[in-house]
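# Structural characterization, general
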Amino acid sequence: MTVLELAAGIRVGVDAPTDAAAFTLTERPTEDRRSVTVDSVEQALDELGERCKTWPQAAAVCDDVLRSFDPTGPTRAGLITESLAYSTLQSGPEFARWLAERGPATVPLLPEPVQARRDGNTLHVRFNRPQRHNAFSTDARGALLEVLEVARLDPSVDEVVLGGNGRSFCSGGDLAEFGSFADPASAHLARTRHSPALVLDELTARLGRRCRAEVHGQVLGSGLEMACYCGWVSAHPDATIGLPELALGLIPGAGGTVSITRRIGRWRTAYLVLSGRTIDAATALAWGLVDEVRPLSVTLP
């Protein structure tokens, strides 16, 4: 068994899976969710080493948070841990560096960021910012919570379907508005007191697979994190799936350290974050990140 230590104390196994590592890399097919199959272990290690060297604080915090979460434990406890860690990184130099490179924050307001339609007892909810691949913004979060509250409070709603208009389900948080909160403490309170993740988790507890997400195109960051709270996830074959937050000096912040870890384990979750690589729908199905792959009906702009 070989375990290599990268920058930030990130330990990566080679060939033989081990719980001691953040994950293990292998060039052989494997069903062990502690391992990830790559084309070249040597190349993957080089890329991971460079990323951990560039964002050592975010990499270390990611590893800490994933090791701290008990997938069988309460969702809220996991979200609180994740959000506190996220706010810590928002105060750090790596996120500050990304903000400086991006430039001033802007908040692009688009009308009706979330659409809802009731068909009998089924509530259809769709992200509706197709011009931005349904990037998730503060106004979209408020609109999504308002719609989901209908399903939460009305027992006659016995099915919820979450989807997205245009070319993508959701490309993650809208980078144009990142950093617009006055301080990390306020951001933490907003994330935890107004959390779509908690509502989706509650709806799934009640509805099971009748609370489902239908994903296509870009399924990144917060989009993936929220979808994974649903009891059933259908993916279009064109779906591109990943967690790009490390390149901002951050970790997943919409509950993904809970929802994704429950589906694929902390090891493959860590790989998605630390590598920044995306996977296709077939790989997501093999990992258990999605429940089926099939063509989906998409509303174009």
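By convention here, each chain's residues receive numbers from 1 onward along its written sequence. Where totals are concerned, whole chains, interfaces and linings use all residues; where local detail is concerned, this predicted model gives features only for residues with pLDDT of at least 70, and gives and counts side-chain atom pairs only at 80 or more. The side-chain values count all of the structure's non-hydrogen atoms but skip hydrogen atoms and water molecules.

### Some details on the packing of helix α3 (residues 75-90) against helix α7 (residues 196-207)
Applied cut-off: Fitting a line to C-alpha atoms yields each axis, with helices limited to the stretch in contact; the angle taken between N-to-C directions then spans 0 to 180 degrees. Working definition: helices are DSSP H or I runs of at least four residues, strands are E runs of at least two. Numbering for both runs from the N terminus. Throughout this description, any angle smaller than 35 degrees is read as roughly parallel, any larger than 145 degrees as roughly antiparallel, any in the 65 to 115 degree range as roughly perpendicular, and the remainder as oblique. Each crossing gets its hand from how the near helix is turned against the far one by less than a right angle, where anticlockwise is left-handed and clockwise is right-handed. It only takes one pair of heavy atoms within 4.5 Å for two residues to be counted as in contact. Any residue that is not Ala, Val, Leu, Ile, Met, Phe, Trp, Tyr, Cys, Pro, Asp, Glu, Lys or Arg is counted as polar, Gly included; the first ten are nonpolar and the last four charged.
One way to put it is that α3 packs onto α7 with a least axis distance of 11 Å and a crossing angle of 165°. With respect to their mutual orientation, α3 and α7 come out roughly antiparallel. When you trace α3 past α7, the crossing you get is right-handed. The residues of α7 that touch α3, namely those facing Thr-75, Arg-76 and Leu-79, are Ala-197, Leu-198 and Asp-201. Of the residues in the contact of α3 with α7, the class split is three nonpolar, one polar and two charged.

### Overview of the packing of aromatic side chains
What counts, and what does not: The criterion for an aromatic pair is that two Phe, Tyr or Trp rings (for Trp, the six-membered ring) have centres within 6.5 Å, with stacked assigned to planes under 30 degrees apart, edge-to-face to planes over 60 apart and tilted to the rest. Under the scheme applied here, a residue whose accessible area is under 20% of the maximum for its type counts as buried, over 50% as exposed, and between as partly exposed, the area being computed with a 1.4 Å probe on protein chains only. For a ring to carry a charge above it, either NZ of a lysine or CZ of an arginine must fall within 6 Å of the ring centroid while also lying within 35 degrees of the normal to the ring plane.
What the rule picks out here adds up to five aromatic pairs. Ring plane angle 65° and centroid distance 6.1 Å describe the contact between Trp-98 and Phe-178, whose orientation is recorded as edge-to-face. With a gap of 80 residues between them, Trp-98 in helix α4 (residues 93-102) and Phe-178 in the loop between β7 (159-164) and α6 (184-193) connect regions that are remote in the sequence. Phe-178 carries the same exposure label as Trp-98, and that label is buried. Ring geometry for Phe-127 against Phe-169: centres 5.3 Å apart, planes inclined by 70°, an arrangement best described as edge-to-face. Remark: Phe-169 occurs in the loop between β7 and α6 and Phe-127 occurs in strand β6 (residues 122-127); sequence separation between them is 42 residues. Side by side, Phe-127 and Phe-169 carry an identical accessibility label, which is buried. An aromatic cluster of three or more residues is present, and its members are Phe-95, Trp-98 and Phe-178. Across the ring face of Trp-232, the terminal group of Arg-209 is positioned such that the distance to the ring centre comes to 3.8 Å.

### Notes on the sheet that holds strand β5 (residues 114-119)
Note the cut-off: Note on pairing: DSSP must find at least two bridges between two strands before they are called paired.
The mixed open sheet is built from six strands, whose spatial order is β5-β6-β7-β8-β10-β13. The open sheet has two free edges, formed respectively by β5 and β13 (292-293), since each of these has just one partner strand. Summarising the sheet, strand β10 (residues 232-235) and β13 pair through two bridges and their orientation is parallel. Bridge pairing links Ala-235 to Val-293 in β13.

### Some remarks on helix α5 (residues 138-153)
The condition that has to hold: Helix span, expected: 1.5 Å multiplied by one less than the number of residues in the helix.
An ideal rise of 1.5 Å per residue puts 22 Å on 16 residues; α5 measures up with 23 Å between its terminal C-alpha atoms. Those residues of α5 that fall on the buried side of the exposure criterion are Ala-140, Arg-141, Ala-143, Leu-144, Leu-145, Val-147, Leu-148 and Ala-151. Tucked into the core, α5 has its buried residues touching β5, β6, β7, α6, α7 and α8 (221-227).

### Considerations on the sheet that holds strand β12 (residues 279-280)
What the three strands build is an open sheet, ordered β9-β11-β12; its pairing is mixed. At either margin of the open sheet sits one strand with a lone partner, and together these are β9 (218-220) and β12. Bridge count for strand β11 (residues 240-242) against β12 is two bridges, and the pairing is antiparallel. Each bridged residue has a counterpart across the sheet, and for Ile-241 the counterpart in β12 is Ile-279.

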